[in-house]
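# Structure assessment
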Amino acid sequence: MTTDAAVRIRSARRAFGTQQVLSGLDLDIVEGEFVAMLGHSGSGKSTLLRAMAGLDPEVTGSVLVPRERAVVFQNPRLLPWRRVLPNVTFALAAGDARQRGRAALAEVGLAAKEQAWPATLSGGEAQRVSLARALVREPKLLLLDEPFGALDALTRLKMYELLRALCDRHRPAVLHVTHDVDEAILLADRVTVLRDGLVRLDLPVGLPAPRSRTSPDFAGLRQRLLGELGVTESIGTGSHS
Amino acid sequence: MTAVTSHHRPVTAAEPGPLVDVVAEPLTRGARRSRVPRWLRRLSGPFVLLLAWAVSAEAGWLNRDLFPPPGEVFGAAWDLLASGQLQAHVGQSMLRVLTGTVLGVLAGVVIAVVAGLTRIGEDLLDSTMQVFKAVPNFALTPLLVIWMGIGEGPKILLITLGVAIAIYINTYSGIRSVDAQLVEVAQTVGAKRSTLIRHIVLPGATPGFLVGLRLGLSSAWLSLIFAETINTTEGIGFLMSRAQTLLQFDVSVLIILIYAVAGLASYALVRLLERRLLAWRNGFQGV
């Protein structure tokens, strides 16, 4: 372990009743590293993320994370009774909170919406506000729980670019939980696969910066990950695991 | 198909046939703005009732001695106004309702927040409030008089109790129905307990609170009738019982009208509050 660890998890365990969801899991993430985590529903991805967020008091083992961390959930979870800007600055200490909130909104391209009610936003806009709410806290660890799962395919592509640009600028360590193999390869520095509560595969992506789904390396990596997930692409061209 | 003898009519672009123009005839007409303001339209029902009353009285369908026509009732109102009695009695009654309601809202909200946010508060307070809810408010009237005498105390307390219970029940269930996902957001951003209450719990409980306020206000006016049967010489309840004793049916009907207007005004107040406090619900843009 080097000194710039952002996440250090050892023997994390969590059971729901008799079902073991995390079975002694180890995971390290270094500062500024973007790690994607793939897995089927029920593989423990969300349980792990909630444990790292500090939302699960029942988890045992050692889960070391930075104090400055932020979560983006699948559902944007905006306060419906607060306008966009106060949603972004929610629970920030006073002072320059408004300016920082405006800057974060500008970064996600929603400077014009600061006075809008969440109910008037599109799904993609609401998720960008949620992203701004996370970034304005300048987290050392950003936890993303299937953040684009509820968005349409076109909006999702734009969000990939935005997220990658924001992460390159702010350099938080990222754990991005998803069930979308392409999404994981497009965004991450490292892809992990979770099965039966353990990290079964941990691969550096190592593709050059403008990543394209059409490159042979991409296709090879995808085959490997799909194989690890126990899925074949024999029907259609669906990219979802 | 064989032997087609009749030609089907060719379908051409010039013939719209079964198409309908949804711009000219939208399915939702409600969206169009009427030129009559909303509040005026909402008053049309009560106005029709008044009109029916006046017409029935003029036509002689109502016994004038038992159900006086509007003219006589407004005459009685005018006489009471001129002598300054109506203002004094209505003012006194309104003061009781206002005091009782304010105290009841405060008590109800505080108890609901304590019971809604803490386990020990719930254990101590919730069943107690349910007991109070089960006891008919008005069964307490004689006891309250014995305990507190015949002054303002028991009258206001009776109103306060009814309001507090209505506010408590609905605000408490509002707090308990606050989205747990939003509470998690507050936890992940490290919000303090006071921030959680101010920005998530209280706004989330507002719809329930407003239901409670609506029920509480109608309970307040109902309690007032009972409260003013306690030995008193002021208030519209007193006017009412005096009118009954003196067989002043015009005054009796006038008091009923005053109760009706008070109820309508309370309802309007709650609706105004709803429009302001729940503006976020439909994406209302202005302030």
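Conventions and cut-offs
- Residues numbered from 1 in each chain as written.
- Chains lettered and ligands numbered in written order.
- Predicted model: local features only at pLDDT ≥ 70, side-chain atom pairs only at ≥ 80, totals over all residues.
- Heavy atoms only, no water.
- UniProt positions renumbered as here; feature names shortened; annotations may be inferred.
- Pairing = 2+ DSSP bridges.
- Helix = DSSP H or I, 4+ residues; strand = E, 2+ residues; numbered from the N terminus.
- Axes fitted to C-alpha atoms, helices over the stretch in contact; angles between N-to-C directions.
- Contact = heavy atoms within 4.5 Å.
- Parallel < 35°, antiparallel > 145°, perpendicular 65-115°, else oblique.
- Nonpolar A, V, L, I, M, F, W, Y, C, P; charged D, E, K, R; others polar.

An unreviewed UniProt entry annotates chain B as ABC transporter permease of Prauserella cavernicola. UniProt, in its Sequence similarities (unreviewed entry) section for chain B, records the words "Belongs to the binding-protein-dependent transport system permease family." In UniProt, chain B has this text filed under Subcellular location (unreviewed entry): "Cell membrane".

Under an unreviewed UniProt entry, the name given to chain A is ABC transporter ATP-binding protein, and the source organism is Prauserella cavernicola.

## A closer look at the sheet that holds strand β8 (residues 190-195) of chain A
Residue and element names in this part refer to chain A. The strand order across the open sheet formed by six strands is β5-β6-β7-β3-β8-β9, and the pairing between neighbours is mixed. Strands with a single pairing partner mark the edges of an open sheet, and in this sheet they are β5 (69-72) and β9 (198-204). The mean angle between the axes of side-by-side strands here comes to 20°, regardless of whether they run parallel or antiparallel. In the packing of helix α1 (residues 45-53) onto the sheet, the strands contacted are β3 (34-38), β5, β6 (141-145), β7 (173-177) and β8, and the crossing angle to β6 comes to about 150°.

## A word on the packing of helix α4 (residues 123-135) of chain A against helix α5 (residues 153-170) of chain A
Residues and elements named next belong to chain A. The N-to-C vectors of α4 and α5 enclose an angle of 10°; their axes lie 11 Å apart at closest approach. Compared by their axis directions, α4 and α5 come out roughly parallel. Residues Gly124, Gln127, Arg128, Leu131 and Leu135 of α4 lie in contact with α5, whose contacting residues are Thr155, Met159, Leu162, Leu163, Leu166 and His170. Its residues assigned to classes, the contact of α4 with α5 comprises six nonpolar, four polar and one charged.

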